[in-house]
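Observations on the three-dimensional arrangement
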Amino acid sequence: MTFRIIGQPAEPAMFDLPWTVPLAEWPRDRLVQVVRGISRHVVRFIYEGGILYALKELPVEAAQREYRLLRQLAARDLRVVEAVGVVTDRTHRDTGEPLGAILITRHLEYSLPYRTLFTSPGISDLRGSLLQALAELLVQLHLAGFFWGDCSLSNTLFRRDAGTLAAYLVDAETSEIHPTISDRMREYDLEIAQENIAGELLDLEGAFGPLPGIDPFETARALHDTYNSLWSELMREEIFRPGERYRLEARLRRINELGFDVKELELVTTHGGTKLRLQTHLVEPGHHRRRLMMLTGLDVQENQARRLLNDIMSYRARLEQMTGRPVPEAAAAYRWLDEVFKPTVEAIPPDLRSKLEPAELFHQILEHRWFLSESAKRDVGMERAVRSYVENVLRFVPDERTVLSTPELDPSAVEG
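The written sequence of each chain sets the order in which its residues are numbered from 1. The model is predicted, so local features are restricted to residues of pLDDT at least 70 and side-chain atom pairs to those at 80 or more, both for listing and for counting; the totals for chains, interfaces and linings are taken over all residues. Think of the side-chain values as coming from all heavy atoms in the structure, minus any hydrogens and water.

**Digging into the overall build of the chain**
What counts as a helix is a DSSP run of H or I of at least four residues, what counts as a strand is a run of E of at least two, and both are numbered from the N terminus. Scanning the chain from N- to C-terminus turns up 12 helices and 15 strands. Taking 2.2 N^0.38 as the reference for a compact globule, 416 residues should give roughly 22 Å; the C-alpha atoms of the chain span a radius of gyration of 24 Å, in line with that estimate. The cut-offs for exposure are 20% and 50% of the maximum accessible area for each residue type, with area from a 1.4 Å probe on protein chains only; residues under the lower value are buried, those over the upper are exposed, and the others partly exposed. Counting all 416 residues of the chain, 52% fall into the buried class. Only heavy atoms matter for contacts: two residues are in contact if any of them lie within 4.5 Å across the pair. By sequence separation, contacts in the chain at least 24 residues apart represent 65% of the contacts at least 6 residues apart. All accessible areas in this document rest on Shrake-Rupley with a 1.4 Å probe, and a residue is counted as covered only by the protein chains that are shown. Element-wise, carbon and sulfur atoms account for 51% of the exposed surface of the chain, whose accessible area totals about 20,200 Å². Only C-alpha atoms enter the radius of gyration, while the globule expectation follows 2.2 Å times N to the 0.38, with N the number of residues.

Here's what the structure looks like:
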């Protein structure tokens, strides 16, 4: 009866879990039911020390490899779940027979599995948001030289991101990391994704009936176009003639607007002019997130960061108008955080505050304020907007910090 834990679990009570019992046979009083996607392996959830963990049982080499891959991706600030540890050298407590390894990951707070998205309010264009989020995640991974090998809705978690979605990789069993990946590998990843997504949407149709505005096969094919459009915008080569520096600046600004930074430019002189060539490993996601973090210390999703930066810019303009002199961006951001963001979030009753991420709450309050002001034909102010949002919207929003299973959504019958 043995086991060994590699990694650093945050909760000492993790060592007292029944590691010498097959995961499928763990007592129910140690488990938490969480809505999730389909898995080919046994997956269970436990709650220890105020943290929700996902446990997945799989062969030892596969578990160790996936643990390393997830850690490598996280170190590069890519959107993946946090790998906490892997339990190996497990033997059955009664028979002494070898058992598979268990990969431990920390559950991604405020994340939604794709099945829940189809019953959750607040995403006006679910099809478009799903496609854009998956395409952005795939592009980010491919820029990092990562071949997923099994991109699917089940292997992805989604977070709300200022009215749209951000996608996170959950499963890396079939994945590989290279210095760069070829166009052929990127295309193969897309083919796998299309096949998986079409099948998953068909399964949803079988469970819930027709999905409004979503055709499974057409939606899966559309991922290819969405991905290629983003990849082309980032990586296409472009010729700039003398005197067209404005076009180069516009191209770089467009890349920033898409949420990416260019770490280094390669400009090559040709007979037709100057060619701009971007190397994949020099294009980095998270432009707005990094800028907001630098200004305020807030760590949020990319579109949330864009929304908050816009509010900081408006706040700075109002300060300059009131004082009649320029206000440094850093000073405006500090005052905005202290005088606008924090008071707004703290005005929400504590029992409702954890339903959504603070940045998403702030974004939704701004949207609610805009609708109220449009109706009133004047700015109603933040205080009234918060009160109205809490009473008319937030009280009816499900708590998304941890999505627990409900009978109509629980996919746990499929263990693979």
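**Digging into the sheet that holds strand 4 (residues 82-88)**
Read across the sheet, 5 strands follow the order 1-4-5-3-2 without closing on themselves; strand pairing throughout is antiparallel. Both edges of this open sheet fall to strand 1 (4-7) and strand 2 (43-48), since each of them pairs with a single strand only. Between one strand axis and the next, the sheet turns by 25° as a mean value, whatever way the strands run. When DSSP finds at least two bridges between two strands, those strands are taken to pair. Note that strand 4 and strand 5 (residues 101-106) share 5 bridges and pair antiparallel. Pairing of E82 across the sheet is with R106, part of strand 5. Between N-to-C directions, angles cover 0 to 180 degrees, with each direction set by a line fitted to C-alpha atoms, over the stretch in contact for helices.

**Brief notes about the packing of aromatic side chains**
Put simply, two rings from Phe, Tyr or Trp (the six-membered ring, in Trp's case) pair if the centres are within 6.5 Å, and we call them stacked under 30 degrees between planes, edge-to-face over 60, tilted for the rest. If you walk through the whole model with that rule in mind, you get 7 aromatic pairs. Relative to W26, the ring of W19 lies with its centre 5.4 Å away and its plane at 65°, an arrangement referred to as edge-to-face. Between W336 and F362, the ring centres sit 5.6 Å apart and the planes meet at 80°, which makes this aromatic pair edge-to-face. Here F362 lies in helix 11 (residues 358-376) and W336 lies in helix 9 (residues 329-346), a separation of 26 residues in the sequence. The pair formed by W336 and F362 is uniform in burial state, with each residue classed as buried. Sitting over the face of the ring of W231, R186 holds its NZ or CZ atom 4.0 Å from the ring centroid. Geometrically, a charge over a ring is one whose NZ (Lys) or CZ (Arg) sits within 6 Å of the ring centre while staying within 35 degrees of the ring normal.

**Let's talk about the sheet that holds strand 13 (residues 266-270)**
Strand order in the open sheet made by the 3 strands is 11-14-13, with antiparallel pairing throughout. Both outer strands of the open sheet, strand 11 (238-240) and strand 13, are each paired with one neighbouring strand and no more. Taking each pair of neighbouring strands and ignoring which way they run, the sheet shows an average axis angle of 35°. Relative to strand 14 (residues 273-277), strand 13 runs antiparallel, the two being bridged by 5 bridges. When the bridges of strand 14 are listed, T270 appears paired with G273.

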